[in-house]
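Breakdown of the fold
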Number of protein chains: 2
Amino acid sequence: MQTEQLIQQIRTKKSFLCIGLDVDIKKIPNHLLKETDPIFEFNKAIIDATHHLAVAYKPNIAFYEAFGIKGWEALKKTINYINENYPELFTIADAKRGDIGNTSTMYAKAFFEDMEFDSVTIAPYMGKDSVEPFLAFKDKHTILLALTSNEGAFDFQTLKVGEVPLYQKVLETSKSYKNSENLMYVVGATKAEYLKEIRQIVPESFLLVPGVGAQGGSLEDVCKYGMTENIGLLINSSRGIIYASNGEDFADKAKEKALEMQQQMASFL
Amino acid sequence: MQTEQLIQQIRTKKSFLCIGLDVDIKKIPNHLLKETDPIFEFNKAIIDATHHLAVAYKPNIAFYEAFGIKGWEALKKTINYINENYPELFTIADAKRGDIGNTSTMYAKAFFEDMEFDSVTIAPYMGKDSVEPFLAFKDKHTILLALTSNEGAFDFQTLKVGEVPLYQKVLETSKSYKNSENLMYVVGATKAEYLKEIRQIVPESFLLVPGVGAQGGSLEDVCKYGMTENIGLLINSSRGIIYASNGEDFADKAKEKALEMQQQMASFL
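Computed from a prediction, not measured in an experiment: that's the story for all the values here. (Residues numbered from 1 in each chain as written. Chains lettered and ligands numbered in written order. Predicted model: local features only at pLDDT ≥ 70, side-chain atom pairs only at ≥ 80, totals over all residues. Heavy atoms only, no water.)

1. A short note on the UniProt feature "active site" (unreviewed entry) in chain A
Taken from the UniProt record, the annotation "active site" (unreviewed entry) applies to A:Lys96. Within the element layout of this structure, A:Lys96 appears in strand S3 (residues 90-97). Under the relative-accessibility criterion, A:Lys96 is labelled buried at 7%. Among residues more than four places away in sequence, those in contact with A:Lys96 are A:Thr121, A:Ile122, A:Ala123, A:Leu145, B:Lys96, B:Gly98, B:Asp99 and B:Met126. Separated by 2.9 Å, the side chains of A:Lys96 and A:Asp94 make a polar contact. (UniProt positions renumbered as here; feature names shortened; annotations may be inferred. Helix = DSSP H or I, 4+ residues; strand = E, 2+ residues; numbered from the N terminus. Buried < 20%, exposed > 50% of the residue type's maximum accessible area, 1.4 Å probe, protein only. Contact = heavy atoms within 4.5 Å. Polar contact = N/O pair within 3.5 Å; in protein donor to acceptor, adjacent residues only side chain to side chain.)

2. Some words on the environment of B:Ile242
Residue and element names in this part refer to chain B. Positionally, Ile242 belongs in helix H11 (residues 239-242). For the pair Ile242 and Ile28, spaced 214 residues apart in sequence, the C-alpha separation works out to 8.8 Å. Ignoring anything within four residues of it in the chain, the contact list for Ile242 reads Ile19, Gly20, Leu21, Asp22, Val23, Phe42 and Ile46.

3. Remarks on the relation of the copies chain A and chain B
Between chain A and chain B, which share one sequence, the superposing operator has a rotation angle of 180° and an axial displacement of 0.0 Å; the RMSD is 0.0 Å. With respect to symmetry, the two chain copies, as superposed, fit the operation of a two-fold axis. Among all residues of chain A, the minimum C-alpha distance to the rotation axis is found for A:Val161, at 2.4 Å. The residues that chain A uses at the interface reappear at the interface of chain B in 100% of cases, marking a shared surface. (Least-squares fit on C-alpha atoms with pLDDT ≥ 70 in both.)

4. Focus: the pattern of salt bridges
Counting across every chain of the model gives 20 salt bridges over all chains. Between A:Arg97 and B:Glu65 there is a salt bridge; the shortest N-O distance is 2.6 Å. Of this pair, A:Arg97 sits in strand S3 while B:Glu65 sits in helix H3 (residues 61-65), which puts the two residues in different chains. Here B:Glu65 falls in the buried class, since its relative accessible area comes to 0%. (Salt bridge = Lys/Arg side-chain N within 4 Å of Asp/Glu carboxyl O.)

5. Side note on the packing of helix H4 (residues 68-85) of chain A against helix H4 (residues 68-85) of chain B
Any two packed helices are characterised by the angle at which their axes cross and by the distance between the axes. Axis separation between H4(A) and H4(B) bottoms out at 10 Å; the angle between their running directions is 170°. With respect to each other, H4(A) and H4(B) are oriented roughly antiparallel. Between H4(A) and H4(B), the contacting residues are A:Gly68, A:Ile69, A:Trp72, A:Glu73 and A:Lys76 on the first element and B:Gly68, B:Ile69, B:Trp72, B:Glu73 and B:Lys76 on the second. Taken together, the residues of the contact of H4(A) with H4(B) break down into 4 nonpolar, 2 polar and 4 charged. (Axes fitted to C-alpha atoms, helices over the stretch in contact; angles between N-to-C directions. Parallel < 35°, antiparallel > 145°, perpendicular 65-115°, else oblique. Nonpolar A, V, L, I, M, F, W, Y, C, P; charged D, E, K, R; others polar.)

What follows is the structure, given as structure tokens:
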């Protein structure tokens, strides 16, 4: 998907909501467990109920891998279901991969070809030749970890390298990578005050922002410091939406929560 | 597996060879393509031919993921085959994962429980709460990326944070993580001269060393600067062994190459 299509979708829906599909079989409603593929049925119901309120869906790959082949099948069915029924949606494989050249190409094929995701999250530690193989795919996006929402972000990401913190160096250096126009970045909402400086380095790039809600980040602060003319934000919410209820009404309750967020977002557009 | 068992195995076999199973269906011998699961059949033949010369096997997870569900099945059959037939072997899921708390736990379950690997490679960028969930598994090992063998390692890993390069900070900081006795580290053989300083920070930890051979690293230098009383090294070779021939004799040729490396290693013990 081209970035322009994502921007158009945001304007049409008045939403920059990304719904995180961190689907844990222990947390989904009991009545789904009798289905052949409970995880897929859960995702399908959530997507059907919320697709008009969100612009992106982000399966957290770990949750699928933890269920082995069955999880992998559920993931594949989920991405296929989105692409077939709601091709306007932007899809993110939250995989946080990163390896050298030919191995990165294999990961890129896994997420961009075997499963047709629009984007994948990537860790920057291994540098240029671990990121560029992903950037080589046309109309696909590489979402590089810059400043994450967790406590451990302070272990290395915020340490000064020379004059600037590591995460700023990551932003700056990545701009020189080949096909860097395909880059987006992960910036945690729990560190919204950092967005001002981040926007000086990457004034137009899309930022995928986790941590609003459950982790304590503020939507208002993120918009205040991070929004661009073309919005440039995808705000992720996972548990707050998909686990709003664990009864038979789970999809309706997810829709209510998504609507709440969409309405808040509309007020900032 | 306990570290002592790995050390014992190294002493018995006079080898600290790890064979990387970076199995690309385009590179395996043609005659295997008629099998139901060519990748597994390839791995099985390689393992059967070399298990007495190597102490560890390291499937590169990207190569399996790129084949989707079939790749995942081949991976699972491979780890099960090793565990059932050669339980003395140390197994490494070269996955380079890393995510926050509950997500890391899901990845750990994927590799330590759904598939019973002894260890997994992890990227350090997200810090403590992305690594500790892996360390919590008893008798399992977390192999943290420190200094990788690729060119991109110079993008961030070798940048100075305060007085020391980032990779040294990663080594130092990780020692304070809970259950840090379960840590090992990736250090590329192409940067063997760095091993002297690395050994000052982690004098006893096992190091997984890629980059000998194809990437130009020297076994002699790695042993000179990196070996400890308990050896403390796992030297990985992938393509040089598994693709020694692409004819029907591929397993025999792999055995010859593995034997060459084992004999070189024996001379350093």
